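Summary of structural features
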Amino acid sequence: MPPVTEPQDECAANGVGNNSLESQQELDINRNARMVLESKESTVVLVGSRANTKGVQEEDSLLENGSQSTESDDPNADACPEVSIPLKETSFSIGLQVLFPFLLAGFGTVAAGMVLDIVQHWEVFTEVTEVFILVPALLGLKGNLEMTLASRLSTAVNIGQMETSKEKWAMITGNIALIQVQATVVGFLASMAAVIFGWILDGHFLMDHAVLLCASSVSTAFIASMVLGLVMIGVIIGSKKLGINPDNVATPIAASLGDLVTLALLSGISCGLYKEIKNNVYVNPVVCILFLALLPIWFVIARRNPATREVLSSGWEPVIIAMAISSVGGLILDKTVSNPNFAGMAVFTPVINGVGGNLVAVQASRISTYLHMTGPPGEETELIPRKCPSPCRTFFSSDMNSRSARVLFLFVVPGHLIFLYTISSMQGGHTTLTLIFMVFYMMAALLQVLVLLYIADWMVHWMWGRGMDPDNFSIPYLTALGDLLGTGLLALSFHILWLIGDRDTDVGD
């Protein structure tokens, strides 16, 4: 048999050559294609096993199955493989698609800030100040769970894994069960972290308060994740039907609802359970036991689904570490807001944290989808930088991801101006929006987003190059870092403003 030329050479030649050689090559291609199709069933298990060792997310198993039904019957398709690259988007189209969800998310964080500004004076928050430590940790669940869910499903939609009803049902049931397991465990761990931090700083331990924190945290995480998870599924399926890229809209909508729903649930549940301490001491332990007892049921459902089995065993590290990072931000919030001189910080904390987390989640989701269209995680490609990217490449190159980074960064100042004006017009907070306050606030917000977008560019590519799916691992870390940076920079700004004489604390009283 004459030697077979390279596929690229065949494509370049465009059919020019000896007719007998072409016929022989076509027979070889057809025979190889049949062999690949016949052995597909046996290779799926091997590919899945190898992918598991690299920490690839649950979507890969569905992709393997989906590829059997979508593979082209054209034998020339294998001879001229092409990398699937997402369609080019202009800066205007990116900004237009992100604008409405970004504003919606921002107004959600404003509403959450107004709620926190009010509830910080409630008895449960003044008597059990450790509840403040729970705030960033539980609000961070939207990044740990709901935004990660949105990113996973957005990628699945964009690469054709949710075309049939069977695929959609498998994705929905597996992911709902998965986030319920993760929410319950993370809620319990967040309450333990709050108890430990409070014990270390205050020097005393109260069992009633510890059980209250556990019951409030677990029930809030469970209910919020169930509600937001169902909303995310509806948003992504609706985006697909409308022809909108779900990467641009799903994560901001998750954030817009996440902060407000979670904070309202935490405030209402903790207040109700605090009142029950005096009347019925058994209510809080029963609530804890009830939600923890549901864990095995959700665990079995998630484990039976191949789409979530891998994440169920390997996806805990980013969620737990992100919770710990957010808890440190909660500790900063607790110690700052507990000081009457800095009570005005409460209304701005969800806003600055939410905006930063929303923007970096959109960027991380876009980069992850872009990489998914080039092949599986861990596969060497020219799109993966060999070293830590330079800021110029992240923000000023002609790359599609650099373009989206510039668009997202430009949203910071006008977005915050709109949100701050909304807070001021509603007479929220305890701080007058003076020029010097606006300058310090904008400096903190710009620095936060600038650092987050740069870290996202490095982290997503770094994880991808090591076989880790960024949809599962990057967003929890990035949103938790956003909470820590936002809370820390905002607290620093308030302390500097106090030192230089800007000490207005009567607004909203």
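Worth saying up front: this structure is predicted, and the values here are computed from it rather than measured.

Moving on: the nonpolar core. Of all hydrophobic cores here, the largest spans 106 residues; its most connected members are Phe348, Leu359 and Tyr441. Taken domain by domain, this core gets at least three of its residues from each of domain 1 (122-338) and domain 2 (339-508). For tyrosine 441, the residues in contact, after removing those within four places along its chain, are Phe348, Val351, Ile352, His416, Leu420 and Leu490. In terms of nonpolar packing, the next biggest core, distinct from the first, is built from 15 residues, Ala364, Ile367, Met459 and Tyr477 among them.

Summarising the element assignment, isoleucine 289 is placed in helix α13 (residues 283-293). Considering only alpha carbons, one finds isoleucine 289 and valine 218, 71 residues apart in sequence, at a separation of 9.9 Å.

Packed helices, taken two at a time, are described by the angle between their axes plus the distance between the axes. With their axes 8 Å apart at the nearest point, helix α10 (residues 165-202) and helix α14 (residues 295-304) run at an angle of 145 degrees to one another. Seen from above, α10 lies across α14 with left-handed handedness. Residues Thr173, Gly174, Ile176, Ala177, Leu178, Gln180, Val181, Thr184 and Val185 of α10 touch α14, and the partners they reach there are Leu295, Trp298, Phe299, Ile301 and Ala302. Here the contact of α10 with α14 is composed, by residue class, of 10 nonpolar, four polar and no charged.

A cluster of nonpolar side chains, contributed by Ile436, Leu492, Ile496, Leu499 and Ile500, occupies part of the molecular surface with about 460 Å² of accessible area. Checked against the element boundaries, isoleucine 436 lands in helix α21 (residues 435-465). The exposure class assigned to isoleucine 436 is partly exposed, which follows from its relative accessible area of 35%.

For helix α6 (residues 91-119), spanning 29 residues, the distance from its first C-alpha to its last is 40 Å, which sits close to the expected 42 Å at 1.5 Å a residue. At leucine 99, α6 is deflected by roughly 35 degrees, the largest bend along its length, and proline proline 101 occurs up to four residues later in sequence.

So, about the side chain of serine 493. By the secondary structure assignment, serine 493 is in helix α22 (residues 470-499). The exposure class of serine 493 is buried, given its relative accessible area of 8%. Excluding residues that lie within four positions of it along the chain, serine 493 makes contacts with Phe440 and Ala444.

Attention now goes to the confidence of the model for the protein. Mean pLDDT over the protein: 76, with 76% of residues reaching 70 or higher. Note on residues 1-27: pLDDT is under 50 here. Beyond four places in sequence and across chains, it has 19 contacts. With pLDDT under 50 throughout, residues 32-86 is counted as low confidence; its partners more than four residues away or in other chains account for 75 contacts.

Relative to the helices and strands, serine 326 resides in helix α16 (residues 316-337). The contacts of serine 326, once residues within four sequence positions are left out, are Pro136, Ala137, Ala480 and Asp483.

Here we come to the packing of aromatic side chains. What the rule picks out here adds up to 14 aromatic pairs. Ring centres 5.6 Å apart and planes at 80 degrees place the aromatic pair phenylalanine 107 and phenylalanine 419 in the edge-to-face group. Placement of phenylalanine 107 in helix α6 and of phenylalanine 419 in helix α20 (residues 412-425) is noted, with a sequence separation of 312 residues between them. The exposure class of phenylalanine 107 is partly exposed, given its relative accessible area of 37%. On the basis of relative accessible area, phenylalanine 419 is assigned to the buried category, the value being 0%.

Here is the idea: a disulfide is a covalent bond, and it sits between the sulfur atoms of two cysteines. Evaluation of the coordinates by the stated rule reveals zero disulfides. With no disulfide of its own, cysteine 214 lies closest to cysteine 288 among cysteine sulfurs, the gap being 3.3 Å. For cysteine 288, a relative accessible area of 7% corresponds to the buried category.

Next up on the list: the environment of cysteine 288. Its location among the elements puts cysteine 288 in helix α13. As for cysteine 288 and serine 216, which are separated by 72 residues in sequence, their C-alpha atoms are 8.4 Å apart. Apart from residues lying up to four places away in sequence, cysteine 288 is in contact with Val211, Cys214 and Ala215.

When the terminal C-alpha atoms of helix α11 (residues 207-242) are compared, their 52 Å separation across 36 residues agrees well with the 52 Å that a helix rising 1.5 Å per residue should span. Glycine 243 sits one or two positions beyond α11 and adopts a positive phi of about 75 degrees.

Definitions and cut-offs
Residues numbered from 1 in each chain as written. Predicted model: local features only at pLDDT ≥ 70, side-chain atom pairs only at ≥ 80, totals over all residues. Heavy atoms only, no water. Core = buried A, V, L, I, M, F, W, Y, C linked by side-chain atoms within 4.5 Å. Buried < 20%, exposed > 50% of the residue type's maximum accessible area, 1.4 Å probe, protein only. Domains from an automatic or database assignment. Contact = heavy atoms within 4.5 Å. Helix = DSSP H or I, 4+ residues; strand = E, 2+ residues; numbered from the N terminus. Axes fitted to C-alpha atoms, helices over the stretch in contact; angles between N-to-C directions. Left-handed = near helix turned anticlockwise from the far one by under 90°. Nonpolar A, V, L, I, M, F, W, Y, C, P; charged D, E, K, R; others polar. Patch = residues over 30% accessible without salt bridge, like charges linked within 9 Å, V, L, I, M, F, W, Y side chains within 5 Å. Areas by Shrake-Rupley, 256 points an atom, 1.4 Å probe, with all protein chains shown as cover. Salt bridge = Lys/Arg side-chain N within 4 Å of Asp/Glu carboxyl O. Expected span 1.5 Å × (residues − 1). Bend = angle between axes of the 7 residues up to and from the residue. pLDDT = per-residue confidence, 0-100. Phe/Tyr/Trp six-rings, centres within 6.5 Å; stacked < 30°, edge-to-face > 60°. Disulfide = S-S within 2.5 Å.

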